Amino acid sequence: MYVDSSKWFSPKIDKKKLKELSKRSDLPGAIHFLIYFASLIFFGYLSYAFWGTWFFLLFFFIYSTIYTFGNANTHETVHRTAFKTRWINDVFCYISFFQVHGEPLSFRWSHTFHHSNTLQTEEEYDHEIEVSRPTHLLKFFLKFIPLTDLFFIHQSAFFVTTKSALGIMSPSNKINAPLDQQLKIIRNARIILLLWFAIILVSFYFVTWWPIVFYFLPTFVGRPIHYAINVTQHLAAKFDTKDHRLSTHTVILNPIFSFLYWHMEYHTEHHMFPMVPSYNLKKLRQEIYKELPKPFNGLFDFYKKVLPSLIKLAFNLDGYYKVKLPNKN
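Residues numbered from 1 in each chain as written. Predicted model: local features only at pLDDT ≥ 70, side-chain atom pairs only at ≥ 80, totals over all residues. Heavy atoms only, no water.

Undergrad: Give a description of helix α13 (residues 223-230) that names residues and reports values.
TA: In terms of burial, α13 is largely enclosed, as 6 of its 8 residues are buried. Along α13, the positions that sit buried rather than exposed are Arg223, Pro224, His226, Tyr227, Ala228 and Ile229. The elements touched by buried residues of α13 are α3 (54-68), α4 (70-78), α7 (137-142), α12 (218-221), α15 (255-260) and α18 (299-313). (Buried < 20%, exposed > 50% of the residue type's maximum accessible area, 1.4 Å probe, protein only. Helix = DSSP H or I, 4+ residues; strand = E, 2+ residues; numbered from the N terminus. Contact = heavy atoms within 4.5 Å.)

Set out below in structure tokens:
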């Protein structure tokens, strides 16, 4: 049943503490991007150095996995919580989106819509989330295999950006983005397409596949691990509710995945307070944990408990994962 209430459940937290947790800094973002790009360059170099050997497959998969987590960089910079200084944040936002073949303004507007209408399926429909209402389980499981995203290229950032360049807006952008912003989205997308053609021309001019391999291919090769983590956000969760505890999951990850993912495993907390920087989400949870359900202890724990509900949900809209809320007594 559609929930028409305009108010979401909000846990109790001291306003001064929330203000403190919402403070941004340039240093965490600088450290994150320094480590991220250093790791990317390192494994990119190893991939190049070991071309023609079996080690290339290993290093290129690692490179591609790190590369694909550039999507986490886009998310944090779209929220403008990666850096305190706005222009620095926006520079890295455009770099990150170009890296993963997307256009930032389009995502900013659609993501704002997603936060305002999380998992709504009627009227204000959340267009950003599709897999939480699966009708094709085969597609869901295929995405855990490298390169299978090529079968769904029509849903990729390549296709979305190309459509934007042609003036075709996404459903949420049509609803949410003002006309002047839609024109900027079209302009940005066309610039991105020109840069894509430039990369291809450079490859042909120098008779080398490397620019194409290292720029266009990684998001298809490195998708599985990122997908396994990213899809946990709302997988098989209850929709048409105004309680993020029911529509969003928190999954505790190991330090490496947590770093690459910008700590977005604390996703329930993020949806409740989206302006809190990712590096403070764990601290935020400590302030409100008594009102939250227990987090999943790693990916294995998550999939063991949620996959049965996902399969049920594919055939029955009441098959969503039933969250145990904390006792109010």
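Undergrad: Can you break down the packing of α4 against helix α5 (residues 86-99) residue by residue, with the values?
TA: Running from N to C, α4 and α5 point in directions that differ by 145 degrees, and their axes come no closer than 8 Å. Pair α4 / α5 crosses with left-handed handedness. Facing α4, whose interface residues are Gly70, Asn73, Thr74, Glu76, Thr77 and Val78, α5 presents Asn89, Phe92, Cys93, Ser96, Phe97 and Gln99. Among the residues forming the contact of α4 with α5, the class breakdown is 4 nonpolar, 7 polar and 1 charged. (Axes fitted to C-alpha atoms, helices over the stretch in contact; angles between N-to-C directions. Left-handed = near helix turned anticlockwise from the far one by under 90°. Nonpolar A, V, L, I, M, F, W, Y, C, P; charged D, E, K, R; others polar.)

Undergrad: Any details on the layout of surface pockets? Residues and values, ideally.
TA: Reported here for the second largest pocket is a volume of approximately 310 Å³. Lining the second largest pocket are 19 residues, and of these Pro293, Lys294, Tyr321, Val323 and Lys324 sit closest to its centre. Here the residues of the lining of the second largest pocket are counted per class, giving 8 nonpolar, 4 polar and 7 charged. (1 Å grid on protein atoms, 1.4 Å probe; cavity = no way out; pocket = protein on both sides within 12 Å on 5 of 7 lines; lining within 4 Å. Points joined across faces, edges and corners; volume = space filled by probe spheres on them.)

Undergrad: Help me get a handle on the environment of Phe92, residues and values and all.
TA: By the secondary structure assignment, Phe92 is in helix α5. By relative accessible area, which is 21% here, Phe92 ends up partly exposed. Separated by 61 residues in the primary sequence, Phe92 and Ile153 have C-alpha atoms spaced 25 Å apart.

By themselves, these figures tell us nothing about what the structure is for.
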